[in-house]
Amino acid sequence: MPTRPGTRRREPDIAGIARSLLGIDALRPGQEAAIRSVLDGRDTLVVMPTGSGKSAIYQIAGQVLGGLVIVVSPLIALQRDQVDSLDDSAGLRAAELNSTLGDSEREALFDAIRRNPRLFLFLAPEQLANEETLARLAAARPTLFVVDEAHCISEWGHDFRPDYLRLGAFLAQLGHPTTLALTATAAQPVREEIVQRLGMREPNILVRGFDRPNIHLAVRTFREEADKREALLEQAAAATGPGIIYAARRRDTEAIAAALAGRGVRAAAYHAGLRASEREAIQAAFMAGETDVMVATIAFGMGIDKPDIRYVYHDSVSDSLDTYYQEFGRAGRDGAPAEALLFYDPEDLGLRRFQSGVGELKAENVRPVLHAIRAADGPLDPAALREELDLQDTELIRVLGRLEDVGAVTIAPTGEVEATDSDLTIAAAAEAAERAQAQLQRFASSRLEMMRQYAETTTCRRAFLLNYFGEAYEGPCGNCDTCEAGTAQATTAEEPFPLQSTVVHSTWGEGTVMHYENGNVVVLFREAGYRTLSLDLVREEGLLRPAPDARAGTASADPAAGTDA
């Protein structure tokens, strides 16, 4: 079992273990810091770009800790890849627990865990909803609980998955072993939600290396859809090496792929409307080099490890910089030059606003749900609730999420929902849920506004992007279109508050200074989201003041490798 903070123990030779176990000659600073954090028994959230070795963190830490290491992974294909890679490593036992296993195979697996729990077990979160499975795993006393693709737990994440919402409850049932959450991209709101929903205890938050200096950042602006599409097709037809084009709608992926094929480019469309077998075949062809361009919606990308992708083009803006960074970050993982190019039409913002998924919620729609829950004799299966009230899955998830946020219901690890002893009346709880959803909408709108500002900035795009993720980077970087155009300027000493410092606004409360640009300051407020304020007004009217216990934000600078929080 891990030692708790402050307990003295013999320090393991992490570098030696990395060499002998995984053939890694030198660990990155972020990897070693995370491994030591876990071995010290600290709940740890690691935010590192894809390809930076997050898997090695739990592999090495799990090997040192021994016992059962549970790794939650959202896709069976990802689970299988990890199991295969660990099976090829010396001394590491790995298995997957998912819907592909028959009853006899599951029994054999649990028997093997009972006899020798030293195992890396990969599973999807819904597996833990089975009470018998959860009890058996709890009996094995896991030493480490790993949440891979941890942004899936956040409604602010770019790939939110409702099954991830119950992980905090599962952790409690497992005795809350040391928890390690891993994600490739998570701005401050996402990090805060991951920590809160997992119930992480005094977590160590490590944010490392968001800068991808080999990727050239650029935006081309258009006012006519036809002009934008033609420019995209010309650019892709002339490009060399494998590439990805992201589009907002399924029909866009098919139209772009067909147009490129007509120009002699081996292109394929990928979206959620295709059968699973079709998606697997299309992805396999791309990975094998039989397809040069993957034209896809956001449905494509998780778990893709193709190091030689030379460009990622966007036919439309993403819904946030979190999503955009995750998508273009699939380029240039081999360290060679790559390109991230956004084809921007301001009109596209309206479509993304519609697609954001943070729908409206009215108290009148919440009241019957809470009434049915309170009228039940005990815990209620959401499926029965959905059928009784004739609700869509997304609508019910939204209502239950907000009711849980305001303390009106609890959701068990099995997914069953039950009313709490809250003093709120049904009407008051419904109104509180409506306000909570409205706050989410405001926040989503502010994140899209940051995407707009990135597209329209004349300052260093890399500085803008890294500041958004909490890295105090001044620029100019020399490898983006604004730097090349000569419009990017380094930040000046006249700025009233340091980047990442905490400030207070009389209406919006506490916020974090994220970025300065063209006489404005961007502040991330916990309640109001991202807000852009005139520096002249900030100075003249005193709109912002340092927080009473002001410190350098939530992170301290680390020029070598990002930031630690």
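Since this is a predicted model, take the numbers as computed values, not measurements.

**A few points about the confidence of the model for the protein chain**
Mean pLDDT over the protein chain works out to 85, with 90% of the residues at or above the 70 mark. In the model, residues 3-8 has pLDDT below 50 throughout and makes 10 contacts with residues more than four positions away in sequence or in other chains. For the stretch residues 550-565, pLDDT sits under 50, and the model shows 43 contacts to residues farther than four places along the chain or on other chains.

**So, the packing of aromatic side chains**
Tallied over the entire structure, the rule returns 18 aromatic pairs. With a centroid separation of 4.5 Å and an interplanar angle of 5°, the aromatic rings of Phe210 and Phe469 are classed as stacked. Residue Phe210 is located in the loop between strand 7 (204-208) and strand 8 (215-221), and its partner Phe469 is located in the loop between helix 18 (461-468) and helix 19 (481-485); the two are separated by 259 residues in the primary sequence. Looking at Phe469, the relative accessible area reads 1%, which means it is buried. Where Tyr468 meets Tyr530, the ring centres are 5.2 Å apart and the plane angle is 20°; that geometry is what we call stacked. Here the residue Tyr468 occupies a position in helix 18, and Tyr530 occupies one in strand 19 (residues 529-534), the gap between them amounting to 62 residues. On the basis of relative accessible area, Tyr468 is assigned to the buried category, the value being 1%. The buried category is assigned to Tyr530, whose relative accessible area is 4%.

**With respect to the side chain of Glu517**
One can find Glu517 in strand 17 (residues 509-517). One buried charged residue, Glu517, remains without a salt bridge, the closest side chain of opposite sign being Arg461 at 7.6 Å. Beyond its immediate chain neighbours, meaning those up to four positions away, Glu517 contacts Gln453, Thr457, Thr458, Thr459 and Phe464.

**Digging into the sheet that holds strand 17**
Taken in spatial order, the five strands of this open sheet run 19-18-17-16-20, and their pairing is antiparallel. Whereas interior strands pair on both sides, the edge strands pair on one side only; in this sheet they are strand 19 and strand 20 (544-546). Neighbouring strand axes in the sheet, compared pairwise and without regard to direction, differ in orientation by 45° on average. Here strand 17 runs beside strand 18 (residues 520-525); their pairing, made up of six bridges, is antiparallel. Bridge pairing links Gly511 to Phe525 in strand 18. Sitting on the sheet, helix 18 is in contact with strand 17 and strand 19, with an inclination near 165° to strand 17.

**With respect to the sheet that holds strand 11 (residues 293-296)**
Reading across the sheet, the six strands line up as 8-13-12-9-11-10 and stay open at both edges, with parallel pairing between neighbours. This sheet does not close on itself; its edge strands, each paired only once, are strand 8 and strand 10 (267-270). The sheet shows a mean angle of 15° between the axes of neighbouring strands, direction not considered. Summarising the sheet, strand 10 and strand 11 pair through four bridges and their orientation is parallel. Each bridged residue has a counterpart across the sheet, and for Tyr270 the counterpart in strand 11 is Ala296. Those strands touched by helix 17 (residues 426-456) are strand 8 and strand 13 (338-344), and its axis lies near 110° from that of strand 13.

**Quick notes on the pairing of strand 9 (residues 243-246)**
Judged by which residues are buried, strand 9 turns out to be covered on both faces: Gly243 and Ile245 on one side and Ile244 and Tyr246 on the other are all buried. Sheet topology note: the strand 9/strand 12 (residues 311-314) ladder contains four bridges and is parallel. Each residue of the ladder has a partner; that of Ile245, found in strand 12, is Tyr313. Examined bridge by bridge, strand 9 and strand 11 share four bridges and lie parallel to one another. Counterpart to Tyr246 in the pairing with strand 11 is Ala296.

**Details of helix 8 (residues 188-198)**
Counting buried residues along helix 8, nine of its 11 residues qualify, which places the element largely inside the surrounding structure. Listed in full, the buried residues belonging to helix 8 are Gln188, Pro189, Val190, Arg191, Glu193, Ile194, Val195, Arg197 and Leu198.

**A few points about the pattern of salt bridges**
Enumeration according to the criterion identifies 26 salt bridges in this entry. Note that Arg136 and Glu132 form a salt bridge whose closest N and O atoms lie 3.5 Å from each other. Of this pair, Arg136 and Glu132 both sit in helix 6 (residues 131-139), four residues apart, which is roughly one turn of that helix. Residue classification places Glu132 among the partly exposed residues on the basis of a relative accessible area of 48%. One salt bridge in this structure joins Asp405 and Arg197, with 3.9 Å as the shortest N-O distance. Remark: Arg197 occurs in helix 8 and Asp405 occurs in helix 16 (residues 393-405); sequence separation between them is 208 residues. Taken together, the salt bridges that share partners define one network made up of Glu225, Lys228, Arg229, Arg249, Asp252, Asp315 and Asp348.

**Describing the packing of helix 12 (residues 321-328) against helix 17**
Relative orientation of the contacting elements helix 12 and helix 17 amounts to 55°, with a least axis distance of 8 Å. Our classification of the angle between helix 12 and helix 17 gives oblique. Taking contact as the criterion, the partners of Leu321, Asp322 and Tyr324 in helix 12 are, on helix 17, Arg447, Met450, Met451 and Tyr454. Residues that form the contact of helix 12 with helix 17 fall into these classes: five nonpolar, no polar and two charged.

**A short note on the packing of helix 14 (residues 363-375) against helix 17**
At a minimum axis distance of 8 Å, the contact between helix 14 and helix 17 shows a crossing angle of 130°. Relative to helix 17, helix 14 is oriented oblique. As helix 14 packs across helix 17, the resulting crossing turns out to be right-handed. Contact with helix 14, carried on its side by Ala363, Val366, Arg367, Leu370, His371 and Arg374, involves Ile426, Ala427, Ala429, Ala430, Glu431, Ala433 and Glu434 of helix 17 and no other residues of that element. The class makeup of the residues in the contact of helix 14 with helix 17 is eight nonpolar, one polar and four charged.

About the criteria used
- Residues numbered from 1 in each chain as written.
- Predicted model: local features only at pLDDT ≥ 70, side-chain atom pairs only at ≥ 80, totals over all residues.
- Heavy atoms only, no water.
- pLDDT = per-residue confidence, 0-100.
- Contact = heavy atoms within 4.5 Å.
- Phe/Tyr/Trp six-rings, centres within 6.5 Å; stacked < 30°, edge-to-face > 60°.
- Helix = DSSP H or I, 4+ residues; strand = E, 2+ residues; numbered from the N terminus.
- Buried < 20%, exposed > 50% of the residue type's maximum accessible area, 1.4 Å probe, protein only.
- Lys, Arg positive; Asp, Glu negative; His and termini not counted.
- Salt bridge = Lys/Arg side-chain N within 4 Å of Asp/Glu carboxyl O.
- Pairing = 2+ DSSP bridges.
- Axes fitted to C-alpha atoms, helices over the stretch in contact; angles between N-to-C directions.
- Parallel < 35°, antiparallel > 145°, perpendicular 65-115°, else oblique.
- Nonpolar A, V, L, I, M, F, W, Y, C, P; charged D, E, K, R; others polar.
- Left-handed = near helix turned anticlockwise from the far one by under 90°.

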